[in-house]
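Residue-level listing of the chains:
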Amino acid sequence: MTARILLLAGTAEARETARLLAAIPGLAVTASLAGVTAEPAPIAAETRRGGFGGAAGLAAWLRAHAAAALVDATHPFAAQMAANAAAACTAAGTPRLRLLRPAWEPEPGWRPVPDLATAAAALPGGARVLLTTGRRDLDPFLARTDLQLVLRS
C-alpha cells in the first residue's frame, strides 16, 4: 500500500525533504508550490502549482487524495499558508508536521520591531536597504522615497 504525503514546498528545506521522502518505499509525495516563482528549482516529487482555495479547499484536497500526512515546509513568511494548513489538517483529520528554520540569534545593535511598517519607519533617511521580505511586502518601504532599496526575490 502507498501512503500519499502532501509537501507544502517552496524552500530549500522542502526540496531536501522531498529528496529524503522519495527514498522511502511506500510513500508517494506530492509537492505543492504556490506558483509565484516563474521557474522554481527542481523538486524530487510529483508537483502541483497554485493555491487550494483556502483551508476548506486544502482540506478537500487532503480528503480527495486520501493524504496520510501533510508536511508544511513553506517559507517562514508564509503565515497564511501555515494557518490554512493547520486548519485544513484539523478539519480533514490529517496529521501535520511543520518544519521550522531555527530562529536568528540577535546581534549587537539589532532592534526588534513588531511589523514591516515599523521597520520601514525606523530606517534612517538615505539608507541603502537589502529587503528579503518578498515582493508582496514592499509597500511600507516603497512609501519611503528617500531609501535605496535592493530586493532579493
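Being a predicted model, the structure only gives us computed values, none of them experimental. (Residues numbered from 1 in each chain as written. Predicted model: local features only at pLDDT ≥ 70, side-chain atom pairs only at ≥ 80, totals over all residues. Heavy atoms only, no water.)

**Q** Please give an account of the pattern of salt bridges that cites residues and values.
**A** Under the criterion given, the structure shown has five salt bridges. Arginine 4 is the partner of glutamate 46 in a salt bridge, and the nearest nitrogen-oxygen pair spans 3.8 Å. One end of the pair, glutamate 46, is in strand β3 (residues 46-49); the other, arginine 4, is in strand β1 (residues 3-8), with 42 residues separating them in the sequence. (Salt bridge = Lys/Arg side-chain N within 4 Å of Asp/Glu carboxyl O. Helix = DSSP H or I, 4+ residues; strand = E, 2+ residues; numbered from the N terminus.)

**Q** I'd love a proper account of helix α3 (residues 79-92), names of residues and values included.
**A** Here α3 contains 14 residues, and its C-alpha end-to-end distance of 20 Å stays within 8% of the 20 Å for a straight helix at 1.5 Å per residue. Taken residue by residue, α3 has Ala82, Asn84, Ala85, Ala88 and Cys89 as its buried positions. Projected down its long axis, α3 shows its buried positions confined to an angular sector of 160°, all on one face. Facing away from the buried side of α3 by more than 90 degrees, the exposed set consists of Ala79, Gln80 and Thr90. Phi turns positive one or two residues past the end of α3, at glycine 93, with a value near 70°. (Expected span 1.5 Å × (residues − 1). Buried < 20%, exposed > 50% of the residue type's maximum accessible area, 1.4 Å probe, protein only. Arc of directions from axis to C-beta.)

**Q** Which residues make up the packing of aromatic side chains, and what values go with them?
**A** Scanning all chains against the criterion turns up two aromatic pairs. With centroids separated by 6.1 Å and ring planes inclined at 75°, the aromatic side chains of phenylalanine 52 and tryptophan 61 adopt a geometry described as edge-to-face. Tryptophan 61 shares its class with phenylalanine 52; the two are buried. Ring centres of tryptophan 104 and tryptophan 110 lie 5.9 Å apart, and the angle between their planes is 40°; this geometry places the pair in the tilted category. Given a relative accessible area of 71%, tryptophan 104 falls into the exposed group. Taking the relative accessible area as the measure of exposure, tryptophan 110 reaches 44% and is therefore partly exposed. A cation sits over an aromatic face here: arginine 48 above phenylalanine 52, 3.8 Å from the ring centre. (Phe/Tyr/Trp six-rings, centres within 6.5 Å; stacked < 30°, edge-to-face > 60°. Lys NZ or Arg CZ within 6 Å of the ring centre and 35° of its normal.)

**Q** Tell me about the sheet that holds β1, and name the residues and values.
**A** Sheet architecture is open: five strands sit in the order β3-β2-β1-β4-β5, paired in parallel fashion. At either end of the open sheet lies a strand with only one pairing partner, and these are β3 and β5 (96-98). Between one strand axis and the next, the sheet turns by 20° as a mean value, whatever way the strands run. (Pairing = 2+ DSSP bridges. Axes fitted to C-alpha atoms, helices over the stretch in contact; angles between N-to-C directions.)

**Q** How would you sum up the packing of helix α2 (residues 54-64) against α3? Please name residues and give values.
**A** Close contact between α2 and α3 brings their axes to 8 Å; oriented N to C, the two are set at 50°. In terms of axis orientation, α2 runs oblique to α3. Viewed along their axes, α2 and α3 form a crossing whose handedness is right-handed. On the side of α2, the interface is formed by Gly54, Ala55, Leu58, Ala59, Leu62 and Arg63, while α3 contributes Met81, Asn84, Ala85, Ala87, Ala88, Cys89, Ala91 and Ala92. Of the residues contributing to the contact of α2 with α3, the split by class is eleven nonpolar, two polar and one charged. (Parallel < 35°, antiparallel > 145°, perpendicular 65-115°, else oblique. Left-handed = near helix turned anticlockwise from the far one by under 90°. Contact = heavy atoms within 4.5 Å. Nonpolar A, V, L, I, M, F, W, Y, C, P; charged D, E, K, R; others polar.)

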